[in-house]
Amino acid sequence: MRHDHLIGANQLSRADIEAVLDRAAEIDADPSAFADAHPDALLGLCFFEPSTRTRMSFDTAIKRLGGGSVDMGTVESSSVKKGESLADTVRVIAGYTDGIVLRHPSEGAATMASEFVDVPVINAGDGAGQHPTQTLLDLYTIRENAGLDDLTVGVMGDLKYGRTVHSLAAALTTFDARMHFVSPESLRLPRNVRFDLHESGAVVKEHTDLDDVLGELDVLYVTRIQRERFPDENEYREVAGEYRIDADTLDAARDDLTVMHPLPRVDEIASDVDETDHAHYFEQAHNGVPVRMALLDSML
Ligand code: NCD
C-alpha cells in the first residue's frame, strides 16, 4: 500500500486490505521479528475525543515496531483549550513527528488536517464519518474466524452515527459480501453511505428486526448507540436499550456465527454472550495491535 494519508475505507482496494492483513498475520506469528523495524519513527497521537483501544493500540503498535510516540493529551490539558485551531495544532505536531493519528468530533477533520501537513495523517475517527483502521482490524478478525469469501454480515445498532459501520460497509463491498443492516428506523444508514453501497453494486438489505436475518449470518457486528452524537437526549432515550442480544437470542443463530463489536459496549451485548463460542470482540480488540503495526509499517 502506498497512501500518503488514510482518511476513509473507500481509499482501500481489496489488494491494499489483503496486503495489510497478510503483514498483520506475519507480525502476529512472530512479533519479535519486527521489534526494530522502525527505530526512528515517532508517532503523534492527537485525540480530541475519548479513546481507550484506538489510542493505546496505536501507541503499543509504534513501540512494538521499535519507535515511540508523543501524545497531545486531552483537549483540556492542551492548547486547544486556549482556542488553538486544529490546523495550527496539527502543523506544530507534524514538525515533531513522522505521522499523526487524529481523532476528532467533526466529520471531515482528518481530511482538513491532511491538507496542512506533510506527514501521513491517519484518521482514527472523525465524528460520525469514518474509522478506517478499525475496519482493518475488523476484517482481520472476520478473516480469521469466517473467511472473507462468500460472506453474509449483519450489522446492528447505530448505523446512522456509527463511523465504524460506515467504514466497514465500504470495505465489505470489495469482498462482495452480502450485508444486512438492522436498526430502528431513526438510526438507518445515512443516505450517502446507502448511495455509495448501491453504486458499488453491493447486495444490501435493511431490517428493523434481527430475527428476520439472524439465522443466515456468518458475522453479526453489534454497535453501541452513539449517545454523544444525538442532538437531543430524548431522541437517544427513545432508542437506548432497544437493540441488544443475549445468549438466548443466539439460539436462533448458526453454530459458527461470529459476534463482533468495536467496543466499548454499553448494554447491547449481555455479558452471558461472553462465555459462548460466538464471542470474538475481545480478540477483535487485541487484533488492533498487529493490524496497526502492519499499517504503520507500510505508511511510515
Ligand atoms: C468506536 C469509535 O470510536 O468509533 N470505538 C473504537 O474505536 N473501538 C466505537 C464506539 O465508540 O462506539
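Computed from a predicted structure; not experimentally measured. Per chain, residue numbering runs from 1 following the sequence as it is written. Only residues with pLDDT of 70 or above have their local features reported here, since the model is predicted, and side-chain atom pairs are shown and tallied only from 80 upward, although totals for entire chains, interfaces and linings are computed over all residues. No hydrogens and no water enter the side-chain calculation; it runs on all heavy atoms of the structure.

Time to look at unusual backbone geometry. Residues Leu263 and Pro264 are joined by a peptide bond in cis, for which omega reads 5°. Take Pro264: it is sitting in the loop between β9 (258-260) and α9 (281-286). Here the phi dihedral of Leu263 falls at roughly 65°; this positive angle occurs in a residue that is not glycine. With respect to the helices and strands, Leu263 occurs in the loop between β9 and α9. Here the term buried applies to any residue with accessible area under 20% of the maximum for its type, exposed to any over 50%, and partly exposed to those in between, with areas from a 1.4 Å probe on protein chains only. On the accessibility criterion, Leu263 (12% relative accessible area) is buried. A run of H or I in DSSP counts as a helix once it spans at least four residues, and a run of E counts as a strand once it spans at least two, with each numbered from the N terminus.

The subject of this paragraph is the sheet that holds strand β4 (residues 121-126). Overall, parallel pairing links the four strands, which are arranged β2-β1-β3-β4 in an open sheet. On the outer flanks of this sheet lie β2 (68-71) and β4, each paired with one strand and no other. On average, each strand axis in the sheet is inclined to that of its neighbour by 20°, with strand direction left out of account. In this sheet, β2 lies alongside strand β1 (residues 42-47) in parallel orientation, the contact comprising four bridges. Following the sheet pairing, Leu43 is matched in β2 by Ser69. Two strands are counted as paired when DSSP detects at least two bridges linking them. Orientation is described by lines fitted to C-alpha atoms, with helices fitted over the stretch in contact, and by angles between N-to-C directions that extend from 0 to 180 degrees.

Each domain span listed reflects an automatic or database assignment of domains. On domain assignment, one finds that the protein chain holds domain 1 (9-130 + 287-299) and domain 2 (132-286). On a C-alpha basis, the centroid separation for the pair domain 1 and domain 2 is 24 Å. Should any heavy atoms of two residues lie within 4.5 Å, those residues are considered in contact. Counting from both sides, the interface comprises 33 residues of domain 1 and, opposite them, 28 residues of domain 2. In this assembly, domain 1 packs against domain 2 so that about 2600 Å² is buried in total across both faces, 57% of it on carbon and sulfur atoms. Here the buried area means the combined drop in accessible surface, using a 1.4 Å probe, for two parts upon being joined, counting both sides. It is Arg14, Arg53 and Asn287 that lose the most area in domain 1 upon contact with domain 2, and together they represent 26% of the buried surface on that side. Within this document, salt bridges are pairs made up of a side-chain nitrogen of Lys or Arg and a carboxyl oxygen of Asp or Glu, the two lying within 4 Å of each other. Where domain 1 touches domain 2, the interface holds four salt bridges.

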